[in-house]
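# Geometric and topological summary
Spelled out from the first residue to the last, the chains are:
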Amino acid sequence: MTGRVFIDTNIFVYAVDKDEPQKKAIARSLISDLSNKNQVMISLQVLSEFYWVTTRKLKSPLSLIEAEHATISLANLPIVNTNSNTVIDAITLSREKPLSYWDSLIIQSAILGGCTTIITEDLQHDHSIANISILNPF
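The sections below set out a description of the structure shown in this document. Predicted model only: the values in this text are computed from it and were never measured.

### Some thoughts on the packing of helix H3 (residues 44-56) against helix H6 (residues 101-112)
Relative orientation of the contacting elements H3 and H6 amounts to 135 degrees, with a least axis distance of 10 Å. As summarised for this structure, H3 and H6 are arranged oblique, according to the angle between their axes. Where H3 approaches H6, its residues Gln45, Val46 and Glu49 are matched on the opposing element by Trp102, Leu105 and Ile106. Residues belonging to the contact of H3 with H6 are distributed by class as follows: four nonpolar, one polar and one charged.

In structure tokens form, the structure reads like this:
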């Protein structure tokens, strides 16, 4: 993989999910590799969703303190500066394509961040949207 890589929330969630050991190992390896190459990009949406999902949606949720510390660690990654245009562009994309608004916001954030790839479990693997490759590592 070359260029900046946008990592979706679900990859970070799996990296801490005690109930998905195989996905946890894959996610951790991927995050480590891309971080070491300074290729990772995330958004505020990813930070917010990560905290919410890890404290409320996991079978074995993180404690609030564990989730806070993990979110603080993620906040040290490069964060794309989204704005109101990003939201409007995501609305337009979700209207034009069979995508949820939230997935469209991830895509628009990746575009704004100059990413060439999105790593996610939520979009069609080995597909391309707006010249961005979609990869599902699982």
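### A few points about the pairing of strand S3 (residues 115-119)
Where burial is concerned, most of S3 is hidden: four out of the five residues are buried. As judged from the four bridges shared by strand S1 (residues 4-7) and S3, these two strands associate in the parallel manner. Bridging from a neighbouring strand, Arg4 pairs with Cys115 of S3. When S3 meets strand S5 (residues 132-135), the two strands line up parallel, connected through three bridges. Within S5, the residue paired with Thr117 across the bridge is Ser133.

### A word on the packing of aromatic side chains
Tallied over the entire structure, the rule returns two aromatic pairs. When the ring of Tyr14 is compared with that of Phe138, the centres are 5.0 Å apart and the planes differ by 75 degrees; the resulting orientation is edge-to-face. Linking Tyr14 in helix H1 (residues 9-14) with Phe138 in the segment after S5, this pair joins segments that are 124 residues apart in sequence. Judged by its relative accessible area of 31%, Phe138 is partly exposed. Residues Tyr101 and Trp102 carry aromatic rings whose centres are separated by 4.9 Å and whose planes lie at 70 degrees to one another, so their mutual orientation is edge-to-face. A residue is classified by how much of its surface remains accessible, and Tyr101, at 25% relative accessible area, is partly exposed. Over the ring of Phe138 we find Lys23; its NZ or CZ atom is 5.3 Å from the centre of that ring.

About the thresholds
- Residues numbered from 1 in each chain as written.
- Predicted model: local features only at pLDDT ≥ 70, side-chain atom pairs only at ≥ 80, totals over all residues.
- Heavy atoms only, no water.
- Axes fitted to C-alpha atoms, helices over the stretch in contact; angles between N-to-C directions.
- Helix = DSSP H or I, 4+ residues; strand = E, 2+ residues; numbered from the N terminus.
- Parallel < 35°, antiparallel > 145°, perpendicular 65-115°, else oblique.
- Contact = heavy atoms within 4.5 Å.
- Nonpolar A, V, L, I, M, F, W, Y, C, P; charged D, E, K, R; others polar.
- Buried < 20%, exposed > 50% of the residue type's maximum accessible area, 1.4 Å probe, protein only.
- Pairing = 2+ DSSP bridges.
- Phe/Tyr/Trp six-rings, centres within 6.5 Å; stacked < 30°, edge-to-face > 60°.
- Lys NZ or Arg CZ within 6 Å of the ring centre and 35° of its normal.

Limitation: the analysis is restricted to geometry and does not speak to function.
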